[in-house]
Amino acid sequence: MTAGSTAPLDYVSLKKKFQPVLSKRVENRHLKSFWNPSKLPDGVIELAGGMPHEKFFPIEAIDLKISKTPFNENPKWHDSFTTAHLDLESPGELPIARSFQYAETRGLPPLLHFTKDMVARINRPAFSDKTDSNWDVILSGGSNDSMYKVFETLCDETTTVMIEEFTFTPAISNVEATGATVVPIKINLSVDRQSQGVDVDCLSELLENWSTGPYSHLNKPRVLYTIATGQNPTGMSVPQWKREKIYELAQRHDFLIVEDDPYGYLYFPPFDPENPLDNPYQSSSVTTERYLNEFLMKSFLTLDTDARVIRLETFSKIFAPGLRLSFIVANRFILEKVLELADITTRAPSGASQAIVYSTIRAMAESNMPSSLPLKELMFESWMQWIMQIASKYNHRKNVTLKALYETESYQAGQFSVMEPSAGMFIIIKINWANLGNPEDIPQQMDKLDEVLVKNGVKLVLGYKMAVSLEYSMQHSDFLRLTIAYAKDDNQLIEASKRIGNGIKDFFENYR
Ligand SMILES: Cc1ncc(COP(=O)(O)O)c(C=O)c1O
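Here is what the cut-offs are and how they apply
- Sequence order as written defines the numbering, with residues in each chain counted from 1.
- For this predicted model, a pLDDT threshold of at least 70 governs which residues receive local features, and a threshold of 80 or more governs which side-chain atom pairs are given and counted, while totals over whole chains, interfaces and linings are taken from all residues.
- Being near a molecule or strand means, for a residue, that its C-beta atom, positioned from the backbone, comes within 6 Å of it.
- Note on residue classes: Ala, Val, Leu, Ile, Met, Phe, Trp, Tyr, Cys and Pro are nonpolar, Asp, Glu, Lys and Arg are charged, and everything else, Gly too, is polar.
- To qualify as a helix, a DSSP run of H or I must reach at least 4 residues; to qualify as a strand, a run of E must reach at least 2; elements of each kind are numbered from the N terminus.
- Residue count minus one, scaled by 1.5 Å, sets the expected span of a helix.
- Each residue is represented by a C-beta atom placed from its backbone, and any two residues with such atoms within 7 Å are regarded as in contact.
- Where each domain begins and ends follows an automated or database-derived domain assignment.
- Throughout this description, the term nonpolar core refers to a group of buried Ala, Val, Leu, Ile, Met, Phe, Trp, Tyr and Cys residues whose C-beta atoms join them within 7 Å.
- The burial criterion counts other C-beta atoms lying within 10 Å of a residue's C-beta, which is placed from the backbone; the residue is buried at 20 or more, exposed at 12 or fewer, and partly exposed between these limits.
- When DSSP finds two or more bridges between a pair of strands, those strands are recorded as paired.

Before going further, it helps to examine the site of the ligand. The ligand sits among Gly142, Ser143, Asn144, Phe168, Ile227, Asn232, Asp260, Pro262, Thr314, Ser316, Pro321 and Ser326. The residue inventory of the shell around the ligand, partitioned by class, reads four nonpolar, seven polar and one charged.

Put into structure tokens, the structure is as follows:
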């Protein structure tokens, strides 16, 4: 891989550039295919593939009843739902006979084209050629599956991967399972949106002085894994200026960026203490265009002139996690290598899930919009409208929770601070120790606090359990992560916030 190359990034140059960064296991992965599923001349009787004829399927039709709005409590279903009907032959582009059958590993074309179109509109890669042919999208079985496949493709015992010091821990497990080593990188835990997220000075210094630094025994990093927007667990987002700096560092020190972005669509406008329940999403001035251009953080793909960014998106948080459906965006060469792994392992993600997602979005389009627009436009617009409704609900929940936390006696007594999130589904609460003593006691103290919180009727995640290296992050691992996603309503969030306040007060008064 060369940094900042200006050569045209066609398939041949992508291959030359990225072949050397692949795991050594990649060359052993070959599907030993015993038949070729290509199109046959008319009249040939197909007795090749072990595919059950669709009339063997126990399902002939599926009727979907689709909400027009999340938390739809309107009992008059015909006003508040739209429907989609699928059977063995219809809809023509994705009937059950097709979606429930063995199918292309990369995903079924209708949904695949929809997702690629979505990326092209929102985060078109900077290295894209005119016809969008040097990058692509493949569907996958959830971002967890995506990261497994990506790390399997890029990492082996010689690889060093940098990860934000607190992270979604399965990412660490997936890297380590390849034999690679994870190195934590510092993040600024700050409510200031211009300074939160990856500490770029620290990152620069680490890379610049690698050979004399604490990891000099390791190879220089090949990959940075980042949850740059609405980070898990911190809820923080790397501001645009830092994204540019990180990309420059990636070019200078020649590493790839794996951007895992399950939460990016759930953007939060800043909390207004004077008007805590104000929700800009409810204003008619927040159009799709404004949402896309002024609210959403831009993907690293949009800075990616040399095809070194791999983006992971998922339907888990904006549709439903049980579908196990996600997609990976990358340059065509890397994606082909990821696909080769899928070919011999999972093959295509569930066709039933793909059919449900595609038919839902299509039905939303057909019911919502003026029919003068082409279907492709309608589908994009309707899906964005749905996502904005989800984001609006999350923003409201975040406001309700912050307000309730700020009203607790414990907060007002200064026992904890709240790190207002900028996107996603998490809020972190930092404990303000008057006299902590030894920072090494933090995990033990936090375990005790966890017990006291459960005694007070609320369960959260302990920040230190999401650290890449506790030793590295000990000093500031004294936080709790709560999610606003699973509560059934505002009242439950308010009650939970009160219990958090009571629990922390109880801890300070009786257990320290
Ligand atoms: C950062 C991050 N990546 C990936 C996932 C898993 O996503 P999926 O359900 O698509 O596997 C999560 C889920 O919580 C997450 O927080």
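So much for the structure itself; the text now carries on.
This part takes up helix H14 (residues 442-455). With 14 residues, H14 extends 20 Å between its outermost C-alpha atoms, agreeing within 8% with the 20 Å of an ideal straight helix rising 1.5 Å per residue. Looking at the buried positions of H14, the neighbouring elements they touch are strand E14 (461-462) and helix H16 (490-510). One or two residues past the end of H14 sits Gly457, with phi positive at roughly 90°.

Domain parsing of the protein chain yields domain 1 (95-391) and domain 2 (392-510). A straight line from the C-alpha centre of domain 1 to that of domain 2 covers 27 Å. Elements supplying a minimum of two residues to the side of domain 1 that touches domain 2: helix H6 (169-177), strand E5 (181-185) and helix H12 (375-406). It is H12 that contributes the most residues to the side of domain 1 that touches domain 2, four residues altogether. For the side of domain 1 that touches domain 2, the per-class residue count stands at 21 nonpolar, 12 polar and three charged.

Val161, Ile328, Val338 and Ile429 are the most contacted members of the largest nonpolar core, which totals 129 residues. When residues of this core are assigned to their parent elements, the largest contribution, 12 residues, is made by H12. When residues of this core are sorted by domain, at least three fall in each of domain 1 (95-391) and domain 2 (392-510). Setting aside anything within four residues of it in sequence, one finds Val338 in contact with Ile138, Lys149, Val150, Thr153 and Ile328.

Next up on the list: the pairing of strand E12 (residues 416-419). Side chains Phe416 and Val418 of E12 all project onto a buried face; the interleaved residues Ser417 and Met419 project onto a face where none is buried. Across four bridges, E12 lies against strand E13 (residues 426-431) in antiparallel orientation. Each bridged residue has a counterpart across the sheet, and for Val418 the counterpart in E13 is Ile429. Counting the residues in the hairpin turn of E12 and E13 gives six residues, including Gly424, whose phi is positive at 100°.

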